[in-house]
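Read off the chains here:
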Amino acid sequence: MATSKTKNFATLQRRSVVHRILKDRGDAAVVTGIGNASHDVASAGDDDRNMYLFGIMGGAAMVAFGIAVAQPECRVVVITGDGELLAGIGSLATIGVEKPKNLSIVVIDNQAYGATGNQHTHTARGVDLVGIAAASGFDRTVLITDNKALEAAIDDIYNKPGPYFAVVKVMTKTGPRVTVPNDGTRTSRRFRKAVAGEDA
């Protein structure tokens, strides 16, 4: 790991990236990390198939893993931040070993804890999340730094066998906060009904 901050040369805007990814989601279920990832996803339009996580730092990938295993016919996509994933980095080892084919993880990496004052995350000091995912057993991994690579990744995110892992480097600046459904019981119940059906 590098001992000094790695400058973020990203030119992509996180909210535009998330909106582009969600544009082609089809019937996919989406699990968000806490903080800005939830606002990014909600800003593209609330959806019953969105599972917004609150107060569970580092849990997005494992929550999505459980859903992917329970609903193997449903594509499950995680949209989270670098700080949130770093808090649960061990989840990549479990997912890499179990290899759910219907799971994709997209990390919106601004190299900062955007929700608490933009303190540098480990990725700002050289930690390579794509490398960690590859070493954990993910067969498909990618680093995305421009719109061309983002467009090329859309089909992989939704249609190719997983587990899939992408890091999208974005600028530190975040979009405005939006209203995100924060009743956990209601959100989880409507999500379960939308993803698993009426009898779930």
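Now for a look at the structure at hand. Because the structure is a prediction, the values reported are computed rather than measured. (Residues numbered from 1 in each chain as written. Predicted model: local features only at pLDDT ≥ 70, side-chain atom pairs only at ≥ 80, totals over all residues. Heavy atoms only, no water.)

**Some remarks on the nonpolar core**
With 29 residues, the main nonpolar core has V31, V76, L103, I105, L129 and F165 as its most contacted residues. Here this core takes six residues from helix 3 (residues 60-70), the largest share from any one element. (Core = buried A, V, L, I, M, F, W, Y, C linked by side-chain atoms within 4.5 Å. Buried < 20%, exposed > 50% of the residue type's maximum accessible area, 1.4 Å probe, protein only. Helix = DSSP H or I, 4+ residues; strand = E, 2+ residues; numbered from the N terminus.)

**Some words on the pattern of salt bridges**
What the rule picks out here adds up to 13 salt bridges. Notably, a salt bridge pairs D40 with R15, separated by 3.1 Å at the nearest N-O pair. With a gap of 25 residues between them, D40 in helix 2 (residues 36-43) and R15 in helix 1 (residues 14-23) connect regions that are remote in the sequence. Given a relative accessible area of 14%, R15 falls into the buried group. A salt bridge links R49 to D47; its shortest N-O distance comes to 2.6 Å. According to the relative accessible area criterion, R49 is buried, its value standing at 16%. Using a relative accessible area of 18% as the deciding quantity, one classes D47 as buried. (Salt bridge = Lys/Arg side-chain N within 4 Å of Asp/Glu carboxyl O.)

**Describing the sheet that holds strand 3 (residues 76-81)**
With parallel pairing, the six strands of this open sheet are ordered in space as 2-1-3-4-8-7. Strands with a single pairing partner mark the edges of an open sheet, and in this sheet they are strand 2 (50-51) and strand 7 (140-144). Bridge count between strand 3 and strand 4 (residues 103-109): six bridges; the pairing is parallel. Bridging from a neighbouring strand, V76 pairs with L103 of strand 4. (Pairing = 2+ DSSP bridges.)

**What to know about helix 8 (residues 184-196)**
The first and last C-alpha atoms of helix 8 sit 17 Å apart over 13 residues, in line with the 18 Å expected at 1.5 Å per residue. Looking at the buried residues of helix 8, the elements they touch are strand 1 (29-32), strand 2 and helix 3. With a side-chain oxygen lying 3.2 Å from the backbone nitrogen of T185, the N-terminal cap of helix 8 falls on D183. (Expected span 1.5 Å × (residues − 1). Contact = heavy atoms within 4.5 Å. Polar contact = N/O pair within 3.5 Å; in protein donor to acceptor, adjacent residues only side chain to side chain.)

**Structural notes on the side chain of K169**
Summarising the element assignment, K169 is placed in strand 8 (residues 164-169). Only 3.0 Å separates the side chain of K169 from the side chain of Q111, close enough to count as a polar contact. In contact with K169, not counting residues within four places along its chain, are A10, L12, D109, Q111, T123, L143, I144 and T145.

**A look at the environment of K101**
Looking at the secondary structure, you find K101 in the loop between helix 5 (91-98) and strand 4. A relative accessible area of 59% places K101 in the exposed class. Along the chain, K101 and A68 lie 33 residues apart, while their C-alpha atoms are 8.3 Å from each other. With residues near it in sequence (within four places) discarded, K101 still touches R75, K160, P161, G162 and P163.

**So, the packing of helix 1 against helix 7 (residues 147-158)**
Where helix 1 meets helix 7, the axes come as close as 10 Å, and the angle between the chain directions of the two elements is 45°. Viewed along their axes, helix 1 and helix 7 adopt a mutual orientation that is oblique. Judged by the sense of rotation from one axis to the other, the crossing of helix 1 with helix 7 is right-handed. Contacts between helix 1 and helix 7 involve V17, R20, I21 and L22 from the first element and L150, E151, I154, I157 and Y158 from the second. When grouped by side-chain class, the residues that make up the contact of helix 1 with helix 7 number seven nonpolar, no polar and two charged. (Axes fitted to C-alpha atoms, helices over the stretch in contact; angles between N-to-C directions. Parallel < 35°, antiparallel > 145°, perpendicular 65-115°, else oblique. Left-handed = near helix turned anticlockwise from the far one by under 90°. Nonpolar A, V, L, I, M, F, W, Y, C, P; charged D, E, K, R; others polar.)

**Notes on the pairing of strand 7**
Taken together, the five bridges between strand 7 and strand 8 define a ladder with parallel strand orientation. What sits directly across from V142, in strand 8, is A166. Running through helix 7, the crossover from strand 7 to the neighbouring parallel element strand 8 is right-handed. (Right-handed = clockwise from strand over helix to strand, strands pointing away.)

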